[in-house]
Amino acid sequence: MPGAPPAAEPRRPRPAPRTPPVPQAGGADLRQKGEETMTEPERPRPGADRDSAAWWELVRGHRLAVQRCTGCALLRFPAREYCPACRSRSWEWQDSAGTGRVASWTVTHQPFHPAFAAEVPYTVLRVALDDGPGLHCWGRLAGAGPEVLAAGLPVEAVFTDAGPGLTLVDWRPAAPRR
Amino acid sequence: MGAPLRDAAAVAGVGYTPFGKDSGVSTTTLACEAILAALDDAGLGPEDVDGIATHRVGDSSPPWVVAPALGIEDQGWYLDQFGGGSVSHAVLGQAAMAIAAGVAETVVCYRAINARSEFRMGGQGRPPAGAFDLQYQAPYGLLAPAQHYALLARAHMLAYGTAHEHLGAVAVGQREKAAGNPRALKRAPITMEDYLASRWIAEPFRLLDCCLETDGACALVLTSAERARDLRRPPVNITAAAWGGGHSSYSGAGAGGIGADTTTSAAARLAPRLYAMAGLGPADVDVAELYDCFTWTVLVQLEDYGFCAKGEGGPYAASGALRIGGELPVNTHGGFLSEGYVHGINHAAEAVQQLRGDAGPRQVPGAEVALSTAQPGYVLAGTSALLLTAAR
Ligand SMILES: [Zn+2]
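What you are looking at is a predicted structure, and each value in this text was computed from that prediction instead of being measured.

Draft legend 1. Representation of the overall build of chain A. Along the backbone of chain A there are 1 helix and 8 strands. What you see in chain A, going N to C, is helices and strands ordered as α-β-β-β-β-β-β-β-β. Burial analysis of chain A (178 residues in total) assigns 47% to the buried set. Here the analysis covers contacts within chain A between residues at least 6 apart in sequence; of these, 56% occur between residues at least 24 apart. Here chain A has roughly 8400 Å² of accessible surface; of this, 54% comes from carbon and sulfur atoms.

Structure, rendered in C-alpha cells:
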C-alpha cells in the first residue's frame, strides 16, 4: 500500500440509500430521481440490467472482474451475454488486475444533480484497464487532486462502500512499482 | 443511376417558432406553429400533408397529437423516432425515403422542445431517456451530456494537442456569424478573452462551450423533387442521406474494443457512404452545418467528414477557414451555441436557406452543396447526415 496520498480531493460520505438495492431495467430508476420529494436527494444508483447484475454483485464483494470468452479468450466489459468476436455465449468471470491508465477525465463544476451539488468540483476518470485492449471503466479520482492527472497515469481500483448494498469502484494514483 | 434515394426528394419549405428561454406554450403548440410556417413557406397547407415525422426523448408532442391538432385527419406515413440529436437527420432521411418509395408525397418533419423551461438535458440530473448504459457512470456523478462530451474532448486534447483556444475559436467564430441571424438568441460578439473567462461547467468545457438550452421548434416540408419544382420556393434536393454508428460512449468500448478510441466519431464510418451516394466529396461542400451541442463536436466532425486531417480540427477551426468567405463556412447561423438548440433540425433548415440563396447577411456566396449533420454518434450509438444541393 502506498503512503497517504497528498492533497486528498474533498469528498463527502455517500448517504445511505433508503431502500435495499433492487436491480432495475437499464436507466429506468435514474430517470425518476428528479421527482423525489424527500428532503435529501438520493444518489443515482446503478440501474443494473440482466447482463450486469452479477457484475455489480461482484463489486459488492470488492471484486473487479471482466468477462472472458471461453470460446476465443476475448476479454470484454461491460457485461454482455454474447462474445462479439466468436458469438459464443460461454464465458467466465476473470478477476481484473485492478490497475489501469487514465484515458480521460473531467472536473465537474456545475451541480447537474442535487445529490452531487455539495461535492463540486469533483473529478471522474475514464480508465483503460491494464487487463487488455478496449476495456474501460469510470470512477471518481480518489486520494489526489486533478492536478496530478496526465494521459496514461497509472491508477489502481479502490472500492468505496457507499451504503447498504452499494459498492462503487474509484481510482487512485497507483503506488510506484518496485 | 445510383441510389434510388439520390435527389428523389427535396425540401420545399422551412419554418420556425421564435427561439427563447420560456415559450410559455406546449410543445404541441410549438410544433403546429413551426409546421404551419414551413407549409406557408412552401406555398402549401395542412391539406397537402400525407406524412409527418419527428424524434423525441420523452420530451415532446408526437405526430399522433400534432397532426390532429392541425386538422389533419389522416396523417398518412408517420415516424415517431426515439432519440436525440443523433437521429435528427435520420428523421429527414427517412422522410426522403418514404417519398422516394412512393408511400408519401409531402411530409412535414418537426422537432419541438421546451429544452429550457420544461425538459433540461442533464440540467436537473435527468439523464437522457434510454441511456441504457449510464449505470456505469451515473453513480459517480457523471450524468449530463456536458460531462460525457468533456471526457471525449479531453481525450482529443491529450491525443492531438487540441487546445482550449481551439475550442474557443469555434465559440467565438460562431457568435460572429450569429450577428447576421435575426433568429439567433445570442448575437453580441464575444472575444477569446470572454471565452477563456467564462466559468467552468465540466472541464475542459466552459459555459461558452455549451449550446443554448432553448425553447422552440423548427419544421421542414419535404416533397418529391419533381413536385418541389412547381412550388413557391427554389427547391433544395436531398442528394444523399446516410446513417451510421452502433456504439455509445456511455457504455465504454463495445465488447471487443469497438469504439474504444473516442477521438474518432461515428461520422468517420458514415461519411464515405454519404459522399458515395451523392457522387461528391468534401472538396465539393460549400457550406457545412455541423452538430454543435459543444464546441468540440465541430472539431471532430471537421476531421471525420474529411475537411482536414485527423487531429487537425482545432488548428483548422482556428485558422479562420470556418468564416463566411473562408474555405469552409461552418454553422453560418451561429449553431446551437448562438442561434439556439433545436436538436439538429435547425442545422438542416439553415443549410436549405443557404442553398436557396436567402440567408441574408450570412449568405455564403454561390453555395450549391451543403452538408448538414446530426450529433456525431457518441450518445445512443448512431449518427446521421444529409448532403443537400441547390436544384437549379
Ligand atoms: Zn469469443
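Draft legend 2. Geometry of the sheet that holds strand β2 (residues 75-76) of chain A. Residue and element names in this part refer to chain A. An order of β2-β1-β3 is seen for the 3 strands of this open sheet, with the pairing classed as antiparallel. Pairing within the sheet leaves two strands with one partner each, and these edge strands are β2 and β3 (91-95). Sheet topology places strand β1 (residues 65-69) next to β2; 2 bridges connect them, and they run antiparallel. Counted as the bridge partner of Arg68 is Leu75 from β2.

Draft legend 3. Quick peek at the sheet that holds strand β3 (residues 77-82) of chain B. Residues and elements named next belong to chain B. Strand order in the open sheet formed by 9 strands is β3-β2-β4-β7-β1-β8-β11-β10-β9, with mixed pairing between adjacent strands. The open sheet has two free edges, formed respectively by β3 and β9 (287-289), since each of these has just one partner strand. Neighbouring strand axes in the sheet, compared pairwise and without regard to direction, differ in orientation by 25 degrees on average. Across the sheet, helix α12 (residues 345-356) is in contact with β1 (9-16), β4 (106-114), β7 (215-224), β8 (236-245), β9, β10 (369-373) and β11 (382-390); its angle to β1 comes to roughly 110 degrees.

Draft legend 4. Region of interest: the coordination of the zinc ion. All names here are of chain A. Looking at the metal site, the zinc ion is ligated by Cys69 (SG), Cys72 (SG), Cys83 (SG) and Cys86 (SG), spaced 2.3 Å from it. One can describe the site at the zinc ion as tetrahedral: its 4 donor atoms subtend angles covering 99 to 116 degrees at the metal. When the donor residues of the zinc ion are listed from N- to C-terminus, their spacing reads C-x2-C-x10-C-x2-C. You can call Cys86 partly exposed: its relative accessible area is 35%.

Draft legend 5. Structural view of the side chain of Ser61 of chain B. All names here are of chain B. Position of Ser61 relative to the elements: it lies in the loop between β2 (51-56) and α2 (63-69). What makes Ser61 buried here is its relative accessible area of 4%. Residues in contact with Ser61, not counting those within four places in the same chain, are Thr27, Thr28, Thr54, Arg56, Val66 and Tyr110.

Draft legend 6. Expanded view of the nonpolar core. Counting residues in each nonpolar core, the largest one holds 95 residues, and the members touching the most others are Leu220, Trp296, Leu302, Tyr305 and Leu371 of chain B. The greatest single-element share of this core, amounting to 7 residues, is contributed by helix α8 (residues 267-278) of chain B. Dropping the residues within four chain positions of it, Tyr305 of chain B is found in contact with Ala267, Leu270, Ala271, Leu274, Tyr275, Pro282, Leu371, Thr373, Ser384 and Ala385 of chain B. Core analysis: the next-biggest nonpolar cluster, separate from the first, contains 36 residues, Leu125, Ala157 and Trp171 of chain A together with Tyr136 of chain B among them.

Draft legend 7. A look at the pattern of salt bridges. Overall, the coordinates contain 24 salt bridges over all chains when judged by the stated rule. Among the ionic pairs, Glu119 of chain A bridges to Arg43 of chain A, the shortest N-O distance being 2.6 Å. You can see Glu119 of chain A sitting in the loop between β4 (99-108) and β5 (122-129) and its partner Arg43 of chain A sitting in the segment before α1 (53-60), a full 76 residues away along the chain. You'll find Glu119 of chain A and Arg43 of chain A in the same group, each marked buried. Among the ionic pairs, Glu105 of chain B bridges to Arg227 of chain B, the shortest N-O distance being 3.9 Å. On the criterion of sequence distance, the pair formed by Glu105 of chain B in the loop between α3 (88-100) and β4 and Arg227 of chain B in helix α7 (residues 225-228) is long-range, its members being 122 residues apart. For Glu105 of chain B, a relative accessible area of 39% translates into the label partly exposed. Each of Asp41, Arg233, Arg356 and Asp358 of chain B takes part in a single network of salt bridges with overlapping partners.

Draft legend 8. Representation of helix α9 (residues 295-304) of chain B in the model. Residue and element names in this part refer to chain B. Counting buried positions over the 10 residues of α9 gives 10, a clear majority of the element. Thr295, Trp296, Thr297, Val298, Leu299, Val300, Gln301, Leu302, Glu303 and Asp304 are the residues of α9 that are buried. Looking one or two residues beyond α9, the residue adopting positive phi is Gly306, at roughly 85 degrees.

Draft legend 9. Inspection of the pairing of β1 of chain B at higher detail. All names here are of chain B. Among the 8 residues that make up β1, 8 are buried, leaving the element largely enclosed by the rest of the structure. When β1 meets β8, the two strands line up antiparallel, connected through 3 bridges. Considered in β8, the bridge of Val11 is made with Val236. When β1 meets β7, the two strands line up antiparallel, connected through 7 bridges. Bridged to Val14 within β7 is Leu220.

Draft legend 10. Representation of the environment of Asp80 of chain B in the model. Residues and elements named next belong to chain B. Considering the arrangement of structural elements, one finds Asp80 in strand β3. Considering only alpha carbons, one finds Asp80 and Ser61, 19 residues apart in sequence, at a separation of 9.8 Å. Setting aside its immediate chain neighbours within four residues, Asp80 contacts Thr54, Arg56, Pro62, Pro63 and Trp64. In this structure the side chain of Asp80 is engaged in a polar contact, spanning 2.7 Å, whose partner is the side chain of Arg56.

Reading guide: rules and limits
Residues numbered from 1 in each chain as written. Chains lettered and ligands numbered in written order. Predicted model: local features only at pLDDT ≥ 70, side-chain atom pairs only at ≥ 80, totals over all residues. Heavy atoms only, no water. Helix = DSSP H or I, 4+ residues; strand = E, 2+ residues; numbered from the N terminus. Buried < 20%, exposed > 50% of the residue type's maximum accessible area, 1.4 Å probe, protein only. Contact = heavy atoms within 4.5 Å. Areas by Shrake-Rupley, 256 points an atom, 1.4 Å probe, with all protein chains shown as cover. Pairing = 2+ DSSP bridges. Axes fitted to C-alpha atoms, helices over the stretch in contact; angles between N-to-C directions. Donors = N, O, S within 2.8 Å, 3.2 Å for Na, K, Ca; no water. Tetrahedral: all angles 85-135°; square planar, octahedral: opposite > 155°, others 65-115°. Core = buried A, V, L, I, M, F, W, Y, C linked by side-chain atoms within 4.5 Å. Salt bridge = Lys/Arg side-chain N within 4 Å of Asp/Glu carboxyl O. Polar contact = N/O pair within 3.5 Å; in protein donor to acceptor, adjacent residues only side chain to side chain.

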